[in-house]
Amino acid sequence: LAIRGKNLASLAGDFEIDFQAEPLLSAGLFAITGPTGAGKSTLLDALCLALYEKTPRLGRAASRNETIPDVGENNVTPSDPRTLLRRGASEGFAEVDFVGSDGVPYRSRWTVRRAYNNSQGKLQNTEISLIRLTDEQVLGGHRKSDTLKQIEACIGLSFEQFTRAVLLAQNDFATFLKASDDERAELLQTLTGTDTFS
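Residues numbered from 1 in each chain as written. Predicted model: local features only at pLDDT ≥ 70, side-chain atom pairs only at ≥ 80, totals over all residues. Heavy atoms only, no water.

A look at the packing of aromatic side chains
Step number 1: As enumerated under the stated definition, the model contains four aromatic pairs in all.
Step number 2: Taken together, a centroid distance of 5.5 Å and an interplanar angle of 65° make the contact between Tyr-52 and Phe-159 edge-to-face. Separated by 107 residues along the polypeptide, Tyr-52 in helix H1 (residues 40-52) and Phe-159 in helix H4 (residues 159-165) bring together distant segments of the chain. Each member of the pair Tyr-52 and Phe-159 is classed as buried.
Step number 3: Aromatic rings pair up to connect Tyr-52, Phe-159 and Phe-162 into one cluster. (Phe/Tyr/Trp six-rings, centres within 6.5 Å; stacked < 30°, edge-to-face > 60°. Helix = DSSP H or I, 4+ residues; strand = E, 2+ residues; numbered from the N terminus. Buried < 20%, exposed > 50% of the residue type's maximum accessible area, 1.4 Å probe, protein only.)

Quick look at the pairing of strand E5 (residues 91-99)
A regular strand places its side chains on the two faces of the sheet in alternate fashion.
Step number 1: Here E5 lies mainly inside the structure; seven of its nine residues are buried.
Step number 2: Sheet analysis places strand E1 (residues 2-8) next to E5, joined by five bridges and oriented antiparallel. Within the sheet, the bridge partner assigned to Gly-5 lies in E5 and is Ala-94.
Step number 3: When E5 meets strand E6 (residues 105-113), the two strands line up antiparallel, connected through nine bridges. The residue of E6 that forms the bridge with Phe-98 is Tyr-106.
Step number 4: Between the end of E5 and the start of E6, which pair antiparallel, lie five residues, with Gly-103 showing a positive phi angle near 85°. (Pairing = 2+ DSSP bridges.)

What follows is the structure, given as structure tokens:
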């Protein structure tokens, strides 16, 4: 239904794409285009961060015990989603409004910030939340892992299934095509709801 965010990678400040407003509401099919660095992939990153706290491009980041420098003497791994916080920013978020597999609208939000809300502060642990929009009830548990499981249950797809069927990252279409018959069948059954007949 909507993708929102703040200070993620190449997108400075607040941004929002509302799929329930024109021109996207009646567009049907649309393309995300722009020059390199305009934020096309960052929009897709925001979608994945809000839902799974992972992104396809960070999943491919090498992690042979390598680290990249952050502020001060702090380092982070290349696959750490907090690296998507825009340089010089003290806080950021990714938020998605979506209709779950149960037909109910939800809002999932991933938040990252630096210590003392200072752009030179150490990266803090991320937070993730899930709200049912019909009654504003917070879902999930007190632990992030419980909330992530609840989000996955609402979507009905794991991160791997989501990135093979809903969001095919650059150059990943071949992965779906080359998947084994069993993997493709499981994914297509889940997407079409025909798994109950298998």
